[in-house]
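The residues making up each chain are set out below.
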Amino acid sequence: MMTMKEFSLFQISSLSEMVEPDRFSTGQSNRELHLHDISPHYGSLPAGIIWPVTTEEVAGILSWTYQNDVPVTPWGAGTSTEGNPVPTQGGLVMDMIRMNKILAIRPRDLQADVQPGVLRKELNRQTGRHGLFFPPDPGADASIGGMIANNASGVQTIKYGATRDYVMKLTVVLPGGKVIHTGCKAHKSSSGYDLTRLFVGSEGTLGIATEATLKLTGIPSHHLAVTITFKNLDSASEAVAVLIGSGLEPAALELLPPVLINLMNREKNLNLSEEPSLFCEFHGVTRKALQGTADLARELCEECGATGFKSGIEEKDRRELWRARHEAWETIHRAHPKMETLIVDVAVPISRYPEMIVYSQNLVDEFHVAGYVFGHAGDGNLHVVIAGDPDDKKEWARIENINHLIVEKAVEIGGTCTGEHGIGIGKRKFMQLEHGDSYHLMRDIKDLIDPKGLMNPGKIFL
Ligand SMILES: Cc1cc2nc3c(=O)[nH]c(=O)nc-3n(C[C@H](O)[C@H](O)[C@H](O)COP(=O)(O)OP(=O)(O)OC[C@H]3O[C@@H](n4cnc5c(N)ncnc54)[C@H](O)[C@@H]3O)c2cc1C
């Protein structure tokens, strides 16, 4: 497909007629603002940006773009890590952020109906008034549409699940402009193919979600944060498998290396012990039950060689702890100014997590790169954030090689190249390796729904 760098006057006038004047732009600054997410993947400058506000507008636009062979890339909050919303063929970026209405919160059903541009934190502010929340938490204040498209998850996925577990019903506009509705508002259904789950995680390559019914859950009445230190990363990751197997059901279980804790201490004045650590949280209905859980967790961790166990963390310190964890990527970035980061995002069966941690740390040491091994340990999800300069071809090849070796090992032991960030541009090269023949079936599904290949081209498939 030819890259569409500029629109003709006819195309500009057609698109301008579809929305109010301030909701279509060919201005250079708007186009540049939609050229990259937080990854080193740069796309091709889009010819224009459009901000729809209704399903009907999205349908009209996609009908016109299909007739006129214009590539379309959906955009949420632009916080992806793999170039997922980055236009690779120019064309039109459809920015969904003004479709930001919470249409209904239905506390008795534990559900909310939302437009895709609603931001996660705003949704939780509003549902919080009813004692409810939408648990998937990627740290960033992502849009619901972007979270659905990437099947985002985060620190509490171990207890509450990923975005996929919370999407009940979708309105989707297909390439060509047809509007379909998938799923239902009942808690269970065995009715036909699960199209909702096909669209969740499809990264905007099959259509644009314009409305979603989301499941909500009750805000836990009590929480208890714990930090646990170990002599080495190996025993910390052994303790992860033990804690998960114990049935204690942590609500968060994060592994952090001393080098990252050191950066966090320096930046946020945290005074944390700079040893391999687990940050853990439990949710429960009474304080007493939580204390019992913490006592058992301490016993199990000590059997795994824990050198320290701190519970009873004050609410203010608890918030600081999680804020620092959420901002780990920014902290690393600030410690390496002018560098870009490659983020490894593999996930493996929990019993193989310790060996993945050791393997990844050894590679970082052996290749002498600025790499930080940490992750959502409770989900078997491992991140290695590696800072470097993409213009230094030798150094970047070393970094890419580390990524490659870690993904190969993860897939070999039954895992995946991406636990939560999606494929985007960066992980396309691993699709065949991970999925074998299923990769071709995915390609067939894509071709069936988008025969012209105009929806978010250059993503997921090579
Ligand atoms: C500091 C930091 C920490 C992060 N930590 C995590 C983490 O712990 N877990 C995690 O999962 N992610 C994490 N992320 C990545 C990112 O926040 C998530 O992937 C998030 O879901 C992206 O949402 P977004 O609104 O920014 O979407 P965008 O990045 O704008 O888009 C994401 C994808 O969705 C598509 N899209 C957007 N809207 C629609 C729509 N309405 N219909 C169809 N397709 C659409 C886009 O084309 C693109 O493919 C982190 C990011 C940052 C910056």
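Keep in mind that this is a model prediction, so the values were computed, not measured.

On a plain count of helices and strands, the chain comes out with 16 helices and 18 strands. Taken over the C-alpha atoms alone, the chain extends approximately 70 × 60 × 45 Å along its principal axes. For the chain, the proportion of contacts with a sequence separation of at least 24, taken over those separated by at least 6, is 72%. Of the roughly 19600 Å² of accessible surface on the chain, 51% is carried by carbon and sulfur atoms. Here the chain contributes 45 positively and 57 negatively charged side chains, and the mean placements of these two sets differ by 4 Å.

The 4 strands are arranged E1-E2-E4-E3 in an open sheet whose pairing can be described as mixed. Two strands lie at the open edges of the sheet, namely strand E1 (24-25) and strand E3 (72-75), each paired on one side alone. Helix H3 (residues 55-67) rests against strand E2 (48-50), E3 and strand E4 (92-95) of the sheet, and its axis sits at about 170° to E4.

The next point concerns the site of the ligand. Around the ligand, 35 residues are found, and the nearest of them are Pro74, Thr79, Ser80, Pro138 and Ser143. Ala209 is positioned with one of its backbone polar atoms (N or O) 2.9 Å from a nitrogen atom of the ligand. At a separation of 3.4 Å, an oxygen atom of the ligand approaches a polar side-chain atom of His376. Contact with the protein chains removes 95% of the 980 Å² of surface that the ligand exposes when unbound. Residue assignment for the shell around the ligand shows that the elements contributing at least two residues are E3, helix H5 (144-150), strand E10 (208-215) and helix H12 (328-335). It is H5 that provides the largest number of residues to the shell around the ligand, a total of 5 residues.

Here we come to helix H13 (residues 353-366). With 14 residues, H13 extends 20 Å between its outermost C-alpha atoms, agreeing within 8% with the 20 Å of an ideal straight helix rising 1.5 Å per residue. Listing the buried residues of H13 in full gives Tyr353, Pro354, Met356, Ile357, Ser360, Gln361, Leu363 and Val364. One or two residues past the end of H13 sits His368, with phi positive at roughly 50°.

A separate point is the nonpolar core. Ranked by size, the top nonpolar core spans 54 residues in total, and within it Ile228, Phe230 and Leu278 carry the most contacts. The element that contributes the greatest number of residues to this core is helix H14 (residues 393-412), accounting for 7 residues. Shared between two domains, this core takes at least three residues from each, and those domains are domain 3 (222-328) and domain 4 (336-443). Of all hydrophobic cores here, the second largest spans 27 residues; its members include Val118, Ile144, Ile148 and Ala152.

Moving on: the pattern of salt bridges. Pairs can form between side chains of opposite charge whenever their charged atoms are close. The final tally for this structure, using the stated rule, is 29 salt bridges. In this structure, Arg31 engages Glu6 in a salt bridge whose closest nitrogen and oxygen atoms are separated by 3.3 Å. With Arg31 in helix H2 (residues 28-33) and Glu6 in the segment before helix H1 (9-18), this pair connects stretches of sequence that are 25 residues apart. Relative accessible area serves as the criterion here: at 4%, Arg31 is assigned to the buried category. Taking relative accessible area as the criterion, Glu6 reaches 54% and is therefore assigned exposed. Here Glu82 ties to Lys427 by a salt bridge, and the two come within 2.3 Å at their closest N and O atoms. Here Glu82, found in the loop between E3 and E4, pairs with Lys427, found in the loop between H14 and helix H15 (431-435); they are 345 residues apart in sequence, far enough to count as distant. Across the pair, exposure class does not vary: Glu82 and Lys427 are buried alike. Each of Glu267, Lys268, Glu320, Arg323, Glu327 and Arg334 takes part in one network of salt bridges that share partners.

A large share of strand E8 (residues 167-173) lies buried, amounting to 6 of its 7 residues. Where E8 and E10 come together, 6 bridges link them in antiparallel fashion. Within E10, the position partnered with Lys169 by the bridge is Thr213. Once E8 ends, the chain turns through 5 residues before running back antiparallel as strand E9 (residues 179-183), passing Gly176 with a positive phi of about 105°.

Examined at the domain level, the chain breaks down into domain 1 (9-98), domain 2 (102-218), domain 3 (222-328) and domain 4 (336-443). One C-alpha centre belongs to domain 1, the other to domain 3; they are set 43 Å apart.

Right, let's talk about unusual backbone geometry for a bit. Even without a glycine there, the phi angle at Leu110 is positive, about 55°. By the element assignment, Leu110 lies in the loop between strand E5 (102-106) and strand E6 (111-114).

Quick look at the packing of H13 against H14 now. Where H13 contacts H14, the two axes come as close as 10 Å, and the packing angle between them is 165°. By the angle class used here, H13 and H14 are roughly antiparallel. In this structure, the crossing between H13 and H14 has a hand that is right-handed. Each of Glu355, Met356, Tyr359, Ser360 and Leu363 in H13 lies in contact with H14, whose residues at this interface are Ile402, Leu405, Ile406, Lys409 and Ala410. Of the residues in the contact of H13 with H14, the class split is 7 nonpolar, 1 polar and 2 charged.

A word on the side chain of Asn150. Tracing the backbone shows Asn150 in helix H5. Separated by 3.3 Å, the side chains of Asn150 and Asn84 make a polar contact. Leave out the neighbours within four places in its chain, and Asn150 touches Ser80, Asn84, Gly201, Glu203, Glu420 and His421.

Going through the model one piece at a time under the given rule, you end up with 0 disulfides. Considering cysteine sulfurs only, Cys301 is the nearest to Cys304, which forms no disulfide, with 6.3 Å between them.

Reading across from one edge, E5-E6-E10-E8-E9 is the order of the 5 strands in this open sheet, with antiparallel pairing throughout. If you trace the sheet from one side to the other, it starts and ends with E5 and E9, each paired once. The average angle at which neighbouring strand axes cross in this sheet is 10°, direction not considered. Running at roughly 45° to E8, H3 makes contact with E8, E9 and E10 of the sheet. Its contacts with the sheet put helix H4 (residues 120-128) on E5, E6 and E10, and the angle it makes with E5 is roughly 40°.

What counts and how
Residues numbered from 1 in each chain as written. Predicted model: local features only at pLDDT ≥ 70, side-chain atom pairs only at ≥ 80, totals over all residues. Heavy atoms only, no water. Helix = DSSP H or I, 4+ residues; strand = E, 2+ residues; numbered from the N terminus. Contact = heavy atoms within 4.5 Å. Areas by Shrake-Rupley, 256 points an atom, 1.4 Å probe, with all protein chains shown as cover. Lys, Arg positive; Asp, Glu negative; His and termini not counted. Charge placed at Lys NZ, Arg CZ, Asp CG, Glu CD. Pairing = 2+ DSSP bridges. Axes fitted to C-alpha atoms, helices over the stretch in contact; angles between N-to-C directions. Near = heavy atom within 4 Å. Polar contact = N/O pair within 3.5 Å; in protein donor to acceptor, adjacent residues only side chain to side chain. Expected span 1.5 Å × (residues − 1). Buried < 20%, exposed > 50% of the residue type's maximum accessible area, 1.4 Å probe, protein only. Core = buried A, V, L, I, M, F, W, Y, C linked by side-chain atoms within 4.5 Å. Domains from an automatic or database assignment. Salt bridge = Lys/Arg side-chain N within 4 Å of Asp/Glu carboxyl O. Parallel < 35°, antiparallel > 145°, perpendicular 65-115°, else oblique. Left-handed = near helix turned anticlockwise from the far one by under 90°. Nonpolar A, V, L, I, M, F, W, Y, C, P; charged D, E, K, R; others polar. Disulfide = S-S within 2.5 Å.

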